[in-house]
Amino acid sequence: RVNPFALSVEARDFVLNETDGTRLIAFERLYVNLQLRSLLRRALVLSEISLERPFVDIVRFEDGRINLESLGGSEAPTQEGAQAAQLPPLVVDEIRIVEGTVQVTDAMPRTDFQTTLGPVNVALSNLSTLPDETGRQQVEIATPGGVRLAWTGSLSLQPFASSGRVTGAGPWLSLLYRYLQDDLDFELGKGEIELAFDYRLAWRADGELDAEIAGLDVDLSGIVARSDEAPEEFLELPSQSLRGGYLRLAERSAGAESLRIEQPLLRVARYADGRLNLEGLLQAEAAGPAEELSDTADSGREADGASDPADPNEDEADGWSWRIGRLEIDQMRVEFEDRALRGDPARVVVAPLRLEVSEISNEPGAKLPVKASATLESGGRVTIDGEVAWLPSTALRLAVVADDLALAASGPYLGEVARVSLDEGTLDVTADLVVDQAEPFAVTGDAAIEKLAVRDAVLDQLLLAWQRVAVDRFEYSTAKNRLAISELDLAGPYVRLLIDADGTTNFQQLAVEPASAPAEAAPATPTPAPLQVTIGRVRVGGASVDFTDRDVPLPFSAAIREFGGQVSTLATGSRKPAEVKMEGKVGRYGLARLEGSLNPFDPVAATDMRLIFRNVEFPDLSPYTVKFAGRRIEDGRLDVDLRYLIEEGRLQGENRVVIDRLKLGEKVAYPDATDLPLGLAVALLKKPDGTIDIELPVRGDLNDPQFSIGGVVFRAFVNLVTRLATAPFRLLGSLVGAESANLDQVAFAPGRADLAPPEQEKLLRLTEALAQRPQLTITVAGASNAEADGAALREASLEAAVEALLAGEKGRRADDPLPARQRRALEALLRQREPALDLDALQETHRRPVNPADPDGASELDEPAYLDAMRTRLLEAETVAADDIAALAAARAGNVREALLATGSITAERVRSAEARAGGIDADGAVLLKLEAGVE
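Numbering of residues starts from 1 in each chain and follows the order in which that chain's sequence is written. Local features in this predicted model are restricted to residues whose pLDDT is 70 or higher, and side-chain atom pairs enter the listing and the counts only when it is 80 or higher, whereas totals over whole chains, interfaces and linings include all residues. With hydrogens and water excluded, all non-hydrogen atoms of the structure serve as input to the side-chain values.

The next point concerns the packing of aromatic side chains. We describe a pair of aromatic rings using the distance from one ring centre to the other and the angle between the two ring planes. Ring geometry is summarised as follows: Phe, Tyr and Trp rings, the Trp one being its six-membered ring, pair when their centres sit within 6.5 Å, and such pairs are stacked at plane angles under 30 degrees, edge-to-face over 60 and tilted between the two. Considering all chains together, one arrives at four aromatic pairs under this definition. Geometrically, the ring pair formed by Phe-14 and Phe-27 is stacked, given 5.0 Å between the ring centres and 15 degrees between the ring planes. Remark: Phe-27 occurs in strand E3 (residues 23–34) and Phe-14 occurs in strand E2 (residues 8–17); sequence separation between them is 13 residues. Each residue gets one of three labels from its accessible area relative to the maximum for its type: buried under 20%, exposed over 50%, partly exposed in between, using a 1.4 Å probe on protein chains only. Judged by relative accessible area, Phe-14 falls into the partly exposed class, the value being 36%. Relative to Trp-390, the ring of Trp-322 lies with its centre 5.8 Å away and its plane at 40 degrees, an arrangement referred to as tilted. Of the two residues, Trp-322 sits in strand E18 (residues 321–338) while Trp-390 sits in the loop between strand E21 (381–389) and strand E22 (395–406), which places them 68 residues apart along the sequence. Helix and strand assignments come from DSSP, with helices taken as H or I runs of at least 4 residues and strands as E runs of at least 2, each series counted from the N terminus.

Grouping buried Ala, Val, Leu, Ile, Met, Phe, Trp, Tyr and Cys residues that are joined through side-chain atoms within 4.5 Å yields what is termed a nonpolar core. Membership of the largest hydrophobic core comes to 21 residues, with the highest contact counts inside it found for Phe-474, Ile-535, Val-538, Val-567 and Leu-570. Only heavy atoms matter for contacts: two residues are in contact if any of them lie within 4.5 Å across the pair. If we skip the residues at most four places from it in the chain, Val-538 touches Leu-488, Gly-565, Gln-566, Val-567 and Leu-570. The next biggest cluster of nonpolar side chains, apart from the first, holds 20 residues, and it includes Leu-173, Ile-193, Leu-237 and Ala-374.

This next bit is on helix H12 (residues 786–807). The span one expects for a helix is its residue count, reduced by one, times 1.5 Å. Here H12 contains 22 residues, and its C-alpha end-to-end distance of 30 Å stays within 8% of the 32 Å for a straight helix at 1.5 Å per residue. When H12 is considered as a whole, its buried residues turn out to be Ala-788, Asp-789, Gly-790, Leu-798, Ala-801, Val-802 and Leu-806.

In the predicted model, the protein chain carries a mean pLDDT of 79, and 76% of its residues have values of at least 70. The low-confidence segment residues 79–84 (pLDDT under 50) makes zero contacts with residues lying over four places distant or belonging to another chain. Confidence of the predictor in every single residue is expressed as pLDDT, which spans 0 to 100. Predicted confidence is poor over residues 704–726, with pLDDT under 50, and the contacts of this stretch with residues over four places away or in other chains come to 52 contacts.

Quick look at the packing of H12 against helix H15 (residues 863–877) now. Interaxial angles span 0 to 180 degrees and are taken between N-to-C directions of axes, which are lines fitted to C-alpha atoms, for helices over the stretch in contact. Two elements in contact, H12 and H15, have axes whose closest approach is 10 Å; the angle formed by their N-to-C orientations is 120 degrees. The pairing of H12 with H15 is recorded here as oblique in orientation. Taken as a pair, H12 and H15 cross one another with a handedness that is right-handed. Counting all contacts with H12, which are made through Arg-794, Glu-795, Leu-798 and Glu-799, the residues of H15 involved are Arg-871, Leu-874 and Leu-875. Charged residues are taken to be Asp, Glu, Lys and Arg, nonpolar residues to be Ala, Val, Leu, Ile, Met, Phe, Trp, Tyr, Cys and Pro, and polar residues to be all remaining types, Gly included. Here the residues of the contact of H12 with H15 sort into three nonpolar, no polar and four charged. Note on terminology: angles under 35 degrees are roughly parallel, angles over 145 are roughly antiparallel, angles of 65 to 115 are roughly perpendicular, and the others are oblique. Here is the rule for handedness: rotate from the far helix to the near one, and if that takes an anticlockwise turn smaller than a right angle the crossing is left-handed, while a clockwise turn gives right-handed.

All right, on to unusual backbone geometry then. Backbone torsion omega between Gln-158 and Pro-159 reads -5 degrees, so that peptide bond is classified as cis. Within the fold, Pro-159 resides in the loop between strand E9 (148–157) and strand E10 (160–170). Geometrically, the link from Ala-351 to Pro-352 is a cis peptide bond, its omega value of -5 degrees lying close to zero. Topologically, Pro-352 is positioned in strand E19 (residues 346–361). Even without a glycine there, the phi angle at Lys-451 is positive, about 50 degrees.

Tracing the sequence through the fold places Ser-477 in strand E25 (residues 461–477). We define a polar contact as two N or O atoms separated by no more than 3.5 Å, with the added condition that, inside protein, one atom must be a possible hydrogen donor and the other a possible acceptor, whereas residues neighbouring each other in sequence contribute only through side-chain atom pairs. A distance of 2.6 Å separates polar atoms of two side chains, one belonging to Ser-477 and the other to Glu-439. Within polar-contact distance, the side chain of Ser-477 engages the backbone nitrogen of Ala-479 at 3.4 Å. Apart from the residues lying within four places of it in its own chain, the contact partners of Ser-477 are Glu-439, Phe-441, Ala-442 and Arg-482.

Strands qualify as paired when DSSP identifies two bridges or more between them. Bridge count between strand E24 (residues 442–456) and E25: 13 bridges; the pairing is antiparallel. Note on E25: the bridge partner recorded for Thr-444 is Glu-475. As consecutive antiparallel partners, E24 and E25 are separated by four residues, and within that stretch Asp-460 has a phi angle of approximately 55 degrees, a positive value. Bridge count between E25 and strand E26 (residues 482–491): nine bridges; the pairing is antiparallel. Counterpart to Ser-477 in the pairing with E26 is Arg-482. Where E25 hands over to E26, the hairpin turn is made up of four residues, of which Asn-481 adopts a positive phi near 55 degrees.

Looking now at the pairing of strand E7 (residues 113–128). Where strand E6 (residues 90–106) lies against E7, twelve bridges are found, and the strand directions are antiparallel. Residue Gln-103 lies in a different strand from E7, and its bridge partner there is Thr-116. Two successive antiparallel strands, E6 and E7, enclose a turn made up of six residues. Alignment of E7 against strand E8 (residues 134–142), held across six bridges, turns out to be antiparallel. Bridged to Val-120 within E8 is Ile-141. With antiparallel pairing between neighbouring strands as the criterion, E7 and E8 make up a hairpin whose turn holds five residues, including Asp-132 at a positive phi of roughly 60 degrees.

This part covers the packing of H12 against helix H16 (residues 882–901). Their axes nearest at 11 Å, the elements H12 and H16 cross at an angle of 105 degrees. By the angle between their directions, the pair H12 and H16 is classed as roughly perpendicular. Residues Asp-789, Gly-790 and Leu-793 of H12 form the contact with H16, whose own contacting residues are Asp-884, Ile-885, Leu-888 and Arg-892. Of the residues contributing to the contact of H12 with H16, the split by class is three nonpolar, one polar and three charged.

Moving on: the environment of Pro-264. Within the fold, Pro-264 resides in the loop between strand E16 (258–262) and strand E17 (265–270). Sequence spacing of Pro-264 and Asp-330 is 66 residues, and the spatial spacing of their C-alpha atoms is 7.8 Å. Not counting the four nearest positions on each side in its chain, Pro-264 is found in contact with Glu-236, Leu-237, Pro-238, Ile-329, Asp-330, Gln-331, Met-332 and Arg-333.

Structure representation (structure tokens):
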């Protein structure tokens, strides 16, 4: 429609389709109004261009072509032609685009990307191609998904210049994720973004574009990322903000004043196959948009003769500089779970974690101040303070402080190599860390491990412990290949050593086989130089050892207490041996002393050590005299002097054994014992003062694999505190040959008070032992277990109710099967206790096909399943009175008391009663009644 009087043109309902009928471009109304002042201004002057509800469909095909290309000529304009083209004289007072829609489809990704932009509203005023005229523009773009973008500012075309402000908000990340999803192996949550910045664009006189962005503020919230392998979110970013962002094209610089990330959450998991959940999040199966941009940028650099992308100084070579004034990560939470372990997964949680880095830039030699702190959920805190440089090479200067780090968190990893549990222990470290070109890695500081406790998971006993191990001033340098420790202080160390009946030690038994076969040997490589180690002094105080030997006819235990001393300077490169002085307490009044010199890094080269035992009670060594001589030792004291001198592998040993007041005990038959006339030998060796003094020289070559000094002395181990005093029932058991019978506990079947035959025998053996120890009394307290006994009593009560109904049935046929009778009885109980229960509905849930091969055919009642379901409902409703539990406990105590008094070996006064208590459960599910021993 043309109005020649108003000089206007209007077009409505315009549609331009593709050849297949697909709508390509459309609009509802286009209005253009020409002004007569065009003649005066020598330019085409339009008062208005209005475009209402325009639509355009933009498609990029798999080969990279764009559908709109067909609207242009067959040849694209060259760059030179575009630059030579002059803009025609044009003035438009007002341009309006109202509620426009742009439909975008990109078929190049593996999954087609589609989105709609709209409504798009554009308002331009005073748009002019005449020189030095400036107009204003306002653009608003939205999407159905809630994304909003607004652009306001000024625009000049001759010369080109524009400035203004851009703001945006909405779930931009969701839109970006949909486009990149084929290249990401994770799902990105909605994520809201708010941004705003001021911009300035202009063509300079030299033809280059000058662009500047200032005051860029970005807020991101609610970002969540999850992986297909683990539905739980591995990354949560509740709030991030960037402030003061800028980009200056002319200066080739970019950056921001601050970047702050608040309360982020990162979940890291290692799967059973060793992979991390964060691995493979970026797929490389096909080139995605990001790769295309990278390829394009690389091609442009190659065309411009730029430096090799692999050049480590590329950031500096491309001329761009960037800076972030301050990076803050606050209240971060890191959760790590290691599921690749054979036992329970290891879990480490760091929260809160705070990181602050200042003056981050790509300026060569720039040093970035760094501060960080982290608290471990398992216990402990780490702080870091220092500076980092990364151009032109990495350099670190950090002060690290770790306080009270709980070592129990590393327990699952220790369990991978040994069957042990790390129950206690904390680590404290204060260290200065240095990394630079001259020093790949160096660290100096102090460290201490407090209150370590490692338990034997097989025997459930303390295996290794200490009160404190302190390293005073350690220095390690990779460049110097040296470790220097000023002093190593070991306070209160403890170790338990057990030799089993097969000759193996408890440490051997705790070893865990590797999870997989060892890898094939790697090709031979040059042997690196050994680490040079220097320790100024080693101090040991309050050490103790518990030793048990089951590889002897009689169980043997010994203890060394209050063992301590010091070792002088140890050095791998020194020929001077270290001086050793150690002393400890053996038994009640025995002494052990170790002194001399040795080089622990090469003990065969030069060792001169003397081991002294004084006033050791000889009867404690009876297990060894039985093994070697078939004879116990009843009484005596032992002094031992052992001196071993080693020079270049040659051993000269002087052993002196002095025995005072030796009295032999009875003979003990032992198959491997030597048949020696020990009584005659003692008579011959004993001096008038009652002592035996034996000199045993030892000579040999330690380089000879056949050499052994075992058996020269009767394995002179001693015992400080026996366990018999703290375990009287073990003593009582040994009196009657029942060491492993657990005489201190009586097992009862749940819900029952009668004594099983093994328990009757156990009590009989206990009375025999008590007869040999008339000063001892036994306290019997009733025992019950609410869970186990309660379940058994409820079961018995239900069975009694069912049996009562079965016994009271009338008119029962002789051929009436028991299951049918039980079913009627259970149904009767259910009707009585649950009147509202629909038994027909319950039966329907327990039907099965008559023919398993035809599950959709006829069905029948699954009688056993139906009976079990009714029993389960009745048991859940069954109750047990507290009086019944108490009566059961009292009955058990009474039966035990009667069994102890039945033989008449002990009097009634020696069997005492106590209040009932909760009983434990043994491995067979029996309830345990615990006995206590006392003294009259």
